[in-house]
Amino acid sequence: MARWLFLAALLIHPAAFAVDAVRARSNYMVNCQGCHLPDGSGYPGKVPDIRHSMGRFLAADGGREFLVRVPGAAISVLDDERLAELLNWMLAEFCATDVPSDFVAYGTTEVGLLRLRPLIDVQGARSAVAAQVGVPAIY
Ligand code: HEC
């Protein structure tokens, strides 16, 4: 239920960003779920359970940026529009209840600029964000 409300909110938000859920899901299936798994649960010790990290990271300093600059997202083959759409869809699909109420959907330009600087010290960046919101380390 929460996820449909969130998707609806994305669609009517002033900074409207249309999420094509079918396209986003299929981009997730092709590009991400090999590691993140269909339900986002990942592999303990290797790939994080995004159901419990993504939404919470949005409340941390640098968390919004982290979700785009993390290599799996930043260096994906998806163009900026599709990556923005996919991240918005993942937030709605996997962790809608953790998304802050004042969240503004990712936009194409924002994502395009952030992914120009993919993270180098991924572990350090993730630890810094995760510690702020009580998300466990994965490494
Ligand atoms: C080869 C495996 C792999 C693939 C494919 C992959 N990821 Fe990831 N993803 C990871 C790992 C591992 C992490 C933890 C951070 C790191 O070490 O990169 C992660 C972290 C993330 C995070 C931050 C969540 C957190 O808890 O750290 C996001 C957002 C994310 N990935 C999005 C994506 C998207 C979007 C795609 C597809 C376009 C994708 N990933 C494809 C392995 C992968």
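The structure this text deals with has already been given above.
Residues numbered from 1 in each chain as written. Predicted model: local features only at pLDDT ≥ 70, side-chain atom pairs only at ≥ 80, totals over all residues.

Visitor: I'm lost on the overall build of the protein in this one. Help?
Guide: When helices and strands are tallied, the protein shows nine helices and zero strands. Expressed as a percentage of the 139 residues in the protein, the buried residues total 35%. Across the protein, the fraction of contacts at a sequence separation of at least 24, relative to all contacts at a separation of at least 6, is 72%. (Helix = DSSP H or I, 4+ residues; strand = E, 2+ residues; numbered from the N terminus. Buried ≥ 20, exposed ≤ 12 C-beta atoms within 10 Å, placed from the backbone. Contact = placed C-beta atoms within 7 Å.)

Visitor: When you look at the nonpolar core in this model, what are you seeing that I'm missing?
Guide: Burial of nonpolar side chains together is a common tendency in soluble globular proteins. Formed by 29 residues in total, the largest nonpolar core has its most connected members in Met54, Leu67, Leu83, Leu86, Leu87, Met90 and Leu91. Where this core is concerned, the elements lending two or more residues are helix 4 (54-57), helix 5 (63-69), helix 7 (80-95), helix 8 (108-114) and helix 9 (122-132). Ranked by residues supplied to this core, first place goes to helix 7 with 10 residues. Apart from residues no more than four positions distant in its own chain, leucine 67 is found in contact with Met54, Phe57, Ala73 and Leu87. (Core = buried A, V, L, I, M, F, W, Y, C linked by C-beta atoms within 7 Å.)

Visitor: Teacher, can you tell me more about helix 9 here?
Guide: Structurally, the α-helix is built with 3.6 residues per turn, so residues lying three or four positions apart point the same way. Arg126, Val129 and Ala130 are the residues of helix 9 that are buried. In an axial view of helix 9, the angular spread of the buried residues amounts to 100°, which keeps them on one side of the axis. Residues of helix 9 that are exposed and point more than 90 degrees away from the buried face comprise Gly124 and Ala131. Residues of helix 9 that are buried make contact with helix 4 and helix 5. (Arc of directions from axis to C-beta.)

Visitor: It is not clear to me how the site of the ligand should be interpreted in this structure. Could you clarify?
Guide: Near the ligand there are 20 residues, and of these Cys32, Cys35, Pro48, Ser53 and Gly72 occur at the shortest range. Among the residues forming the shell around the ligand, the class breakdown is 13 nonpolar, six polar and one charged. (Near = placed C-beta within 6 Å. Nonpolar A, V, L, I, M, F, W, Y, C, P; charged D, E, K, R; others polar.)

Visitor: Would you mind going over the packing of helix 2 (residues 21-31) against helix 7 with me for this structure?
Guide: When two helices pack together, you describe them by how their axes are tilted relative to each other and by the distance separating the axes. At their nearest, the axes of helix 2 and helix 7 sit 9 Å apart, and the two run at 95° to each other. Relative to helix 7, the element helix 2 lies roughly perpendicular. The segment helix 2 lies against helix 7, with Ala21, Arg23, Ala24, Arg25, Asn27 and Tyr28 engaging Arg82, Glu85, Leu86, Trp89 and Met90. (Axes fitted to C-alpha atoms, helices over the stretch in contact; angles between N-to-C directions. Parallel < 35°, antiparallel > 145°, perpendicular 65-115°, else oblique.)

Visitor: In this structure, what is going on with the environment of phenylalanine 66? I would like to understand it.
Guide: Mapped onto the secondary structure, phenylalanine 66 falls in helix 5. In this structure, phenylalanine 66 is in contact with Phe57, Ala125, Arg126 and Val129, ignoring residues within four places of it in sequence.

Visitor: For this particular structure, what's the right way to read the environment of isoleucine 75?
Guide: Counting through the fold element by element, isoleucine 75 comes out in the loop between helix 6 (71-74) and helix 7. The exposure class assigned to isoleucine 75 is exposed, which follows from the 12 C-beta atoms found within 10 Å. For the pair isoleucine 75 and proline 118, spaced 43 residues apart in sequence, the C-alpha to C-alpha distance is 7.2 Å.

Visitor: Which parts of the structure should I look at to understand the environment of valine 135?
Guide: Note that valine 135 resides in the segment after helix 9. When the C-alpha positions of valine 135 and phenylalanine 57 are compared, they lie 8.3 Å apart, and in sequence the two are 78 residues distant. Valine 135 has contacts with His52, Ser53, Arg56 and Ala130, leaving out every residue within four places of it along the chain.

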